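# A look at the structure
What follows is each chain in one-letter form.
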Amino acid sequence: MGKRYFTPQLFAFLRDLDENNDRPWFKAHEDLYEKHVREPALEFINDFAAPLGKISEYLVADSRKVGGSLFRIQRDTRFAKDKTPYKTNTGMHFRHLMAKDVHAPGFYMHLEPKGCFVGVGIWHPDTATAYKIRDRIAEEPAEWKKATRGKRFSDVFQLDGDRLQRVPKSYDPDHPFADDLRFKDFTAVTRVTQKQVTSDRFMEDFTDMCKRSSPFVRFLCDAIEVPF
């Protein structure tokens, strides 16, 4: 038997938070957030460090309460039209140890009522980083094909992300992966159910997803010249 980390109470709390997204309600129910959301997430992150280390010694599972792999529940509302103070999801990002922020290679878990998914890759890279990845796709199409169209990967993951309207001028518009050269995000996702997340097999399932995606993440790391 495996270990069960997340329970239906996590999703119940997030649903209630969605209906009562203000500071007085959150403060009155902060103990439930700690018990059903943050503590289980930090325990999962802590326990994932060992299997993650077998996939890549350069990706990090950091179980600190602040500044680690767990995203904070508070929203940054400074420049947002939506001024609700809290996120109604729980996010965990296992990113490269050389990363300065979330825009780095890694594995991501998103837990939200009716919206759970696992994401891998690099989200919103800066322009220079995006062009390094495009360059490698253009120069190494066979390697890109193996990383993104191989059965172990494509049985689970689907490439996802914003795209440019057209292939950048520096690339052949007839390249076999022209559509991929248009990506602005170099990510792939797979949906997971609440039943999966709350089962005692979820650590095993999440680890398997990360293993399946490791050639894709390795390709991205090679492209931006960081070790995997």
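You'll find the structure just up there.
Let me sum up the structure you'll find in this document. Small disclaimer: the values here were computed from a predicted structure and weren't measured. (Residues numbered from 1 in each chain as written. Predicted model: local features only at pLDDT ≥ 70, side-chain atom pairs only at ≥ 80, totals over all residues. Heavy atoms only, no water.)

## Side note on the overall build of the protein chain
Of regular secondary structure, the protein chain possesses nine helices and five strands. Start at the N end of the protein chain and walk to the C end: the helices and strands fall as α-α-α-β-β-β-α-α-α-β-α-β-α-α. A globule of 228 residues ought to have a C-alpha radius of gyration of about 17 Å, and the protein chain, at 19 Å, matches this closely. Along the first, second and third principal axes, the C-alpha atoms of the protein chain reach 60 × 45 × 30 Å. The buried share of the protein chain, taken over its 228 residues, is 47%. The contacts in the protein chain between residues at least 6 apart in sequence include a share of 66% that link residues at least 24 apart. (Helix = DSSP H or I, 4+ residues; strand = E, 2+ residues; numbered from the N terminus. Rg over C-alpha atoms; globule rule 2.2 N^0.38 Å. Buried < 20%, exposed > 50% of the residue type's maximum accessible area, 1.4 Å probe, protein only. Contact = heavy atoms within 4.5 Å.)

## Looking at the pattern of salt bridges
Following the criterion strictly, the structure yields 14 salt bridges and no others. Taking the shortest distance from any N to any O, the salt bridge between aspartate 62 and arginine 64 comes out at 2.8 Å. In this structure, the salt-bridge partner of aspartate 205 is arginine 201, at a minimum N-O distance of 3.5 Å. Exposure remark for arginine 201: the relative accessible area of 42% places this residue in the partly exposed category. (Salt bridge = Lys/Arg side-chain N within 4 Å of Asp/Glu carboxyl O.)

## Points about a nonpolar patch on the surface
There is a patch of nonpolar side chains on the surface, built from Val60, Leu97 and Met98 and spanning about 260 Å² of accessible area. Take valine 60: its relative accessible area is 31%, and that puts it in the partly exposed class. (Patch = residues over 30% accessible without salt bridge, like charges linked within 9 Å, V, L, I, M, F, W, Y side chains within 5 Å. Areas by Shrake-Rupley, 256 points an atom, 1.4 Å probe, with all protein chains shown as cover.)

## Quick look at the side chain of histidine 175
If you trace the backbone, histidine 175 turns up in the loop between β4 (158–160) and α7 (178–181). Looking at histidine 175, the relative accessible area reads 12%, which means it is buried. With near-sequence residues (within four places) excluded, histidine 175 lies in contact with Ile137, Ala138, Pro141 and Leu181.

## Details of unusual backbone geometry
The bulk of non-glycine residues show a negative phi, and the bulk of peptide bonds are trans. Residues other than glycine seldom take positive phi values, yet histidine 124 does so here, at roughly 50°. Inspection of the secondary structure puts histidine 124 in the loop between β3 (117–122) and α4 (127–139). What makes histidine 124 partly exposed here is its relative accessible area of 35%. One non-glycine residue, glutamate 225, lies in the positive phi region at around 65°. Topologically, glutamate 225 is positioned in the segment after α9 (202–223). Owing to a relative accessible area of 67%, glutamate 225 belongs among the exposed residues under this scheme.

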